[in-house]
Amino acid sequence: MRKIFYLALAVTLVACDQKGRKSRFGNEDGTATADAPKKNTDHKTGKTTAGAPVIGERVAANTQVRIAPDGDIAATLLDYIPVHAAPQKKGWYPVSIDIDITPEEYTKPVFRKGRKLKVNGLAAGVLERDMRLPVATNGEKMWATLNGYTEKKNIRNGTIIETALVNFLKQHKGRSLADIQPFIRNFQLEEEKSLKPYTLFFNYESGIDDPSPMYRVALVCQGDELIGVVHSRPMQIEGSTPKKMQRDFTVHFMKDIDKSLREDFCKKFNQFILAAD
């Protein structure tokens, strides 16, 4: 079940610095009010397209990525650039950003101060110092990974999946699969059906601390009903019953879920997660 976390980064950038602007994502800034992914209008073509799903956290404008907490600045990022973020420690998030590179840079991965950064072809910021970065390819594209730290204030709160989920469940009282589909789509959660009769809709941890990450958040459904949420990072879900499980996971069961069902899920999940490679 454990696997390397290579998650394609989807970015829709709008150069906008207006105070009070509306979110392009249904869960930005902890609101989680949308019933479906937002749509954007290309003002050049007039066409309307679906907003990019929230995959990984997004940063605020002029976010500085440092080589260590309070260390030298490695890069400055534009607004809404996607990053992978590990759990924050003392006000700092370890982060990684996958940037586009050329075939020449792939063979000689030394990047100079002032180099413009792009993510999936779109402007993402600028490098603030000379750096040698690890590079990779999947046969279709090549990228370099910039690792560093950024302050907690730089991560947009509503793009943190735990925050978004807590707010979504507060504002959407339905617990059917149809009710939670907007959240599943917006965060592009994967589906796991091997834990019968339960289905998990999940994402993985960032992979910064562990190159073979496990679940970060998993919505647990039995049939068409959400019965609980499994998570590896701290969460408090209103009206739910928490229970610790193996490998530092916690499950919050929804209100009125039968005790025998809770016990059955915990037993099967613990067996499942302990058997993971």
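Before going into details, it helps to say that this report is about the structure given with it. The numbers attached to residues start from 1 for each chain and follow its sequence in the written order. For a predicted model such as this one, the threshold for reporting local features is a pLDDT of at least 70, and the threshold for listing and counting side-chain atom pairs is 80 or more; totals across whole chains, interfaces and linings nevertheless cover every residue. Excluding hydrogens and water, the side-chain values take into account all heavy atoms of the structure.

1. A word on the overall build of the chain
Selection criterion: Where helices and strands are cited, they refer to DSSP runs of H or I of at least four residues and of E of at least two residues respectively, numbered from the N terminus. Each residue is assigned to one of three classes by its accessible area relative to the maximum for its type, calculated with a 1.4 Å probe on protein chains only: buried under 20%, partly exposed between the two thresholds, exposed over 50%. The contact rule is simple, with two residues in contact once any of their heavy atoms fall within 4.5 Å.
Helix and strand counts for the chain stand at four helices and 19 strands. Of all 277 residues assigned to the chain, the portion counted as buried reaches 48%. Counting contacts in the chain only where the partners sit at least 6 residues apart, residues at least 24 apart contribute 57% of the total.

2. Focus on the pattern of salt bridges
Quick note on the threshold: Every case where a carboxyl oxygen of Asp or Glu lies within 4 Å of a side-chain nitrogen of Lys or Arg is listed as a salt bridge.
Counting across every chain of the model gives 10 salt bridges. In this structure, the salt-bridge partner of D72 is R129, at a minimum N-O distance of 3.4 Å. Taken together, the residues span a long stretch of sequence, with D72 in the loop between β4 (63-66) and β5 (73-77) and R129 in the loop between β10 (122-127) and β11 (131-132) at a distance of 57 residues. Take R129: its relative accessible area is 29%, and that puts it in the partly exposed class.

3. Looking at the pairing of β4
For the record, the criterion: Strand pairing follows a simple DSSP-based rule, namely that at least 2 bridges must link the two strands.
Where β4 lies against β5, four bridges are found, and the strand directions are antiparallel. Each residue of the ladder has a partner; that of Q64, found in β5, is T76. From the end of β4 to the start of β5, which pair antiparallel, there are six residues, and D70 there has a positive phi angle of about 65°.

4. A few points about the nonpolar core
We count it as follows: Nine residue types can take part in a nonpolar core, namely buried Ala, Val, Leu, Ile, Met, Phe, Trp, Tyr and Cys, and a core is a set of them joined through side-chain atoms within 4.5 Å.
In terms of nonpolar packing, the biggest core is built from 45 residues, with F183, Y215, L219, V229, V230, F265 and F269 touching the most fellow members. Those residues in contact with F183, other than ones at most four positions away along the chain, are I161, A164, L165, F168, L189 and L219. One finds V65, A75, A124 and L133 within the second-largest nonpolar core, a separate group that totals 24 residues.

5. Topic: the packing of helix α2 (residues 161-171) against helix α3 (residues 177-186)
In a packed pair of helices, the relevant descriptors are the angle between the two axes and the axis-to-axis distance. Cut-off, in case you're wondering: Think of each axis as a best-fit line through the C-alpha atoms, taken over the contacting stretch in the case of a helix, with angles from 0 to 180 degrees between the N-to-C directions. Just so you know how the angles are binned, under 35 degrees is roughly parallel, over 145 roughly antiparallel, 65 to 115 roughly perpendicular, and the rest oblique. By definition, turning the near helix anticlockwise from the far helix through less than a right angle yields a left-handed crossing, and turning it clockwise yields a right-handed one. Polarity classes work like this: nonpolar for Ala, Val, Leu, Ile, Met, Phe, Trp, Tyr, Cys and Pro, charged for Asp, Glu, Lys and Arg, and polar for all others, with Gly in that last group.
For the pair α2 and α3, interaxial distance at closest approach is 11 Å and the crossing angle is 155°. The angle between the axes of α2 and α3 places the two elements in the roughly antiparallel class. Between α2 and α3 lies a crossing whose hand is right-handed. Along the contact surface, α2 presents I161, A164, L165 and F168, while α3 presents D179, I180, P182 and F183. Taken together, the residues of the contact of α2 with α3 sort by class into seven nonpolar, no polar and one charged.

6. Considering unusual backbone geometry
Backbone torsion omega between K196 and P197 reads 10°, so that peptide bond is classified as cis. Along the chain, the position of P197 falls in the loop between β14 (190-192) and β15 (198-204). At N62, a residue that is not glycine, the phi angle is positive and equals roughly 60°. Here N62 lies in the loop between β3 (57-58) and β4. Since its relative accessible area comes to 58%, N62 is described here as exposed. Unusually for a residue other than glycine, D256 sits at a positive phi of about 70°. Positionally, D256 belongs in the loop between β19 (250-253) and α4 (259-274).

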